[in-house]
Amino acid sequence: MGRVAGKVAIVTGAASGMGKADAQLLAKEGALVVLADFNDEEGEAVAREIGGEAIYLHLDVTCEDNWTSVIAQTMETFGRLDILINNAGLMTLGSVVDTDLAAYRKINSVNNEGVFLGCKHAIPAMTQSGGGSIINMSSVAAMLGMSFFAAYSASKGAVRALTKSVAMHCKEQGNGIRCNSIHPDGVKTPMVAKVATGKDAVTDAEVEKLGELGSLCEPMDVANMVLFLASDESSFVTGAEMLIDNASTITPPIIGPN
Ligand SMILES: NC(=O)c1ccc[n+]([C@@H]2O[C@H](COP(=O)([O-])OP(=O)(O)OC[C@H]3O[C@@H](n4cnc5c(N)ncnc54)[C@H](O)[C@@H]3O)[C@@H](O)[C@H]2O)c1
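Residues numbered from 1 in each chain as written. Predicted model: local features only at pLDDT ≥ 70, side-chain atom pairs only at ≥ 80, totals over all residues. Heavy atoms only, no water.

(A) Expanded view of the pattern of salt bridges. In this structure the tally under the stated criterion is 9 salt bridges. We note a salt bridge from K164 to E241, for which the minimum N-O separation is 2.8 Å. In this pair, K164 is assigned in helix α5 (residues 150-173) and E241 in strand β7 (residues 241-244), connecting sequence segments 77 residues apart. Take K164: its relative accessible area is 32%, and that puts it in the partly exposed class. Taken together, the salt bridges that share partners define one network made up of R160, K164 and E241. (Salt bridge = Lys/Arg side-chain N within 4 Å of Asp/Glu carboxyl O. Helix = DSSP H or I, 4+ residues; strand = E, 2+ residues; numbered from the N terminus. Buried < 20%, exposed > 50% of the residue type's maximum accessible area, 1.4 Å probe, protein only.)

Encoded structure:
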């Protein structure tokens, strides 16, 4: 028996990076996984690789009609929804002065509004299923002052706050749904390799090369936290912000050794 055996999970942004690792680990631990992304070719390939009962569904997280359709198809196929990983995201570099309004809105529409839509449409299906776990992918950018990530930081800060609002709503409703956010620092994924190389598409070798920086964790390090929050092992954890940052958010004290 796996740690999430028999549970039904939707993972957004499952075609790449952390979403792919989340889907692989949840399936390995017994979940029936719906991989959702707008990169259909890669998403379908990952679902085929996982095999078993994993399915791929097209989802642009900014499109409300796509969300209603993915939730409905999940309920039709598997009869329940227990886990939602709101993982899909975009990253761009730019200070507040360098970022134009269109870019600011685009990042916030995916990273912030996409998570809002996911929570909004998953909650009724999870309530019908007797409860569940929503896991929202934020970032250390929600905690730190990163001048080069104006739009990205704002979008991840919104996810951090929305998560607590959702957690309180579900607690007040007594619907058995928990909601937590995860805050990684750098993770070895295509997203970071694209920013590092300035390219729109990167090879596996370019992602691997990020390892030379020495400060990034692996997607599976994040997936292990996702698995814990998705499982009943975390049944008393809700409204929490889980850092995976090798202490990067701890400011060194002014007074201390050296
Ligand atoms: N990589 C890092 O260092 C890091 C650190 C902290 C947080 N995060 C967050 O983790 C999440 C996953 O990032 P990753 O590094 O695995 O990135 P990635 O680029 O490897 O994967 C992102 C996935 O999201 C999908 N996606 C993008 N926009 C979408 C949309 N509108 N609808 C549906 N799917 C969409 C992409 O197709 C892709 O498959 C993101 O929310 C990111 O902001 C990443």
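(B) Here's a closer look at the site of the ligand. Around the ligand, a shell composed of 28 residues is seen, among which S16, D37, Y152, V187 and T189 lie nearest. S16 places a side-chain nitrogen or oxygen 2.6 Å from an oxygen atom of the ligand. One of the backbone nitrogen or oxygen atoms of L59 is found 3.4 Å away from a nitrogen atom of the ligand. Taken by itself the ligand offers 840 Å² of open surface, and the protein chains cover 95% of this. Among the elements of the structure, α1 (17-28), α5 and α6 (190-197) are those that each provide at least two residues to the shell around the ligand. (Near = heavy atom within 4 Å. Polar contact = N/O pair within 3.5 Å; in protein donor to acceptor, adjacent residues only side chain to side chain. Areas by Shrake-Rupley, 256 points an atom, 1.4 Å probe, with all protein chains shown as cover.)

(C) Spatial organisation of the environment of C119. Positionally, C119 belongs in helix α4 (residues 101-128). The sequence separation of C119 and T163 amounts to 44 residues, and the corresponding C-alpha distance is 8.9 Å. Residues contacting C119, with those up to four places away along its chain left out, are L84, N86, I134, N136 and V166. (Contact = heavy atoms within 4.5 Å.)

(D) Fine view of the nonpolar core. Core analysis: the biggest nonpolar cluster contains 32 residues, and L26, L35, I182 and V222 have the highest contact counts within it. Sorting the residues of this core by element identifies β1 (8-12), α1, β2 (32-37), α2 (40-50), β4 (83-86), β5 (132-137), α8 (219-230) and β7 as the ones contributing at least two each. Examining the composition of this core, we find that 7 residues originate from one element, α8, more than from any other. Not counting residues up to four positions away in its chain, the partners in contact with V222 are M18, D22, M137, I182, P184, V187, C217 and I244. Among the nonpolar cores identified, the runner-up in size contains 31 residues, and V110, M126, V166 and C179 belong to it. (Core = buried A, V, L, I, M, F, W, Y, C linked by side-chain atoms within 4.5 Å.)

(E) Representation of the packing of aromatic side chains. All chains considered together, the criterion is met by 2 aromatic pairs. Geometrically, the ring pair formed by F148 and F149 is tilted, given 4.8 Å between the ring centres and 55° between the ring planes. For F148, a relative accessible area of 41% corresponds to the partly exposed category. Looking at F149, the relative accessible area reads 9%, which means it is buried. When the ring of F149 is compared with that of Y152, the centres are 5.1 Å apart and the planes differ by 50°; the resulting orientation is tilted. Counting every residue linked through ring pairs, the aromatic cluster contains F148, F149 and Y152. (Phe/Tyr/Trp six-rings, centres within 6.5 Å; stacked < 30°, edge-to-face > 60°.)

(F) Representation of α5 in the model. Between its first and last C-alpha atoms α5 spans 35 Å; for 24 residues at 1.5 Å apiece the expected length is 34 Å, and the two agree. Within α5 the residues assigned to the buried category are A150, A151, Y152, S153, S155, K156, V159, T163, V166, A167 and C170. Residues of α5 that are buried make contact with α4, β5, β6 (177-184) and α6. (Expected span 1.5 Å × (residues − 1).)

(G) Highlighting the side chain of N111. Relative to the helices and strands, N111 resides in helix α4. Within the structure, the side chain of N111 is placed 3.2 Å from the side chain of S155, a separation counted as a polar contact. When sequence neighbours within four positions are dropped, the list of residues in contact with N111 reads A88, G89, L90, Y152, S155, K156 and V159.

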